[in-house]
Amino acid sequence: MAKISVEDFDHIIETELPWAQEIGMKTDQIGDGEAVLRLPFNASMLRPGGTVSGPTMMALADACMYAVILSAIGKVKLAVTTNFNINFMHRPAPGDLMAEGRILKLGKRLAVMEVTLHSDGHDEPVAHATGTYSIPPNRE
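A few points on the structure. (Residues numbered from 1 in each chain as written. Predicted model: local features only at pLDDT ≥ 70, side-chain atom pairs only at ≥ 80, totals over all residues. Heavy atoms only, no water.)

**So, the environment of S71**
Following the sequence through the fold, S71 ends up in helix α3 (residues 54–73). Take S71: its relative accessible area is 0%, and that puts it in the buried class. Look past the residues within four positions of S71 in its chain and what remains in contact with it is A2, K3, I4, I30, G31, D32, G33 and E34. In terms of polar contacts, S71 uses its side chain to reach the backbone amide nitrogen of E34, at 3.4 Å. Among the polar contacts made by the side chain of S71, one reaches the main-chain carbonyl oxygen of V68 at a distance of 2.6 Å. (Helix = DSSP H or I, 4+ residues; strand = E, 2+ residues; numbered from the N terminus. Buried < 20%, exposed > 50% of the residue type's maximum accessible area, 1.4 Å probe, protein only. Contact = heavy atoms within 4.5 Å. Polar contact = N/O pair within 3.5 Å; in protein donor to acceptor, adjacent residues only side chain to side chain.)

In structure tokens, the structure reads:
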């Protein structure tokens, strides 16, 4: 069973991740070691050429990883990204973005995760990210 709920993570977005709230990020699903986040389309997400920018996709992927780790360990504010890699696979057209994340390995001090990003109206993933989060020893 997940250690946080959709409502819990949306509250974290609202109160502790102002950048995520400002761009409209929302939690769709939380499971044990998995999460789905949505970023509704906004024209400010676009880069020259009319495609969704890489930093926008990176922000969504990293926030999804945070939701994933908290779903497994509970509300641990100091769980932080220590490594992040993203592969942009297809040019996302303007539209909502979905991030689907899951834990690959959960240890005592590190968690390795992956996130697949999809764009509305595009069947194939637009990006794939992997990351590692550090988990504090006292879990505060």
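**Remarks on the packing of aromatic side chains**
Working definition: an aromatic ring pair is given by the centre-to-centre distance plus the angle between the planes. This model, assessed by the stated rule, comprises two aromatic pairs. Note on F9 and Y66: the rings are 6.0 Å apart at their centroids and 65 degrees apart in plane angle, and the pair reads as edge-to-face. With F9 in helix α1 (residues 6–16) and Y66 in helix α3, this residue pair connects regions lying 57 residues apart in the sequence. Neither residue differs from the other here; F9 and Y66 are each classed as buried. Ring centres 6.2 Å apart and planes at 25 degrees place the aromatic pair Y66 and Y133 in the stacked group. On the criterion of sequence distance, the pair formed by Y66 in helix α3 and Y133 in strand β8 (residues 127–134) is long-range, its members being 67 residues apart. Here Y66 falls in the buried class, since its relative accessible area comes to 12%. (Phe/Tyr/Trp six-rings, centres within 6.5 Å; stacked < 30°, edge-to-face > 60°.)

**Quick notes on the sheet that holds strand β1 (residues 26–31)**
Within a sheet, neighbouring strands are paired by backbone hydrogen bonds and run either parallel or antiparallel to one another. Here we have six strands laid out as an open sheet, ordered β1-β2-β6-β7-β8-β5, and antiparallel in their pairing. With partners counted over all chains shown, the strands left at the sheet margins are β1 and β5 (80–88), one partner each. Looking at each pair of strands side by side, their axes are set apart by 20 degrees on average, direction ignored. Sheet topology places strand β7 (residues 110–119) next to β8; eight bridges connect them, and they run antiparallel. In the strand pairing of β8, M113 is matched with G131. In the packing of α1 onto the sheet, contacts are made with β1 and β2 (34–39), and the angle to β1 comes to roughly 140 degrees. Each of β1, β2, β5, β6 (97–106), β7 and β8 touches α3; the most contacted strand, β6, lies at about 45 degrees to it. (Pairing = 2+ DSSP bridges. Axes fitted to C-alpha atoms, helices over the stretch in contact; angles between N-to-C directions.)

**A few points about the nonpolar core**
Most often, soluble globular proteins have nonpolar side chains that are buried together. Ranked by size, the top nonpolar core spans 41 residues in total, and within it F9, L37, Y66, I69 and L117 carry the most contacts. If you list the elements that add at least two residues to this core, you get α1, β2, α3, β6, β7 and β8. A per-element tally of this core places α3 first, with 13 residues. (Core = buried A, V, L, I, M, F, W, Y, C linked by side-chain atoms within 4.5 Å.)

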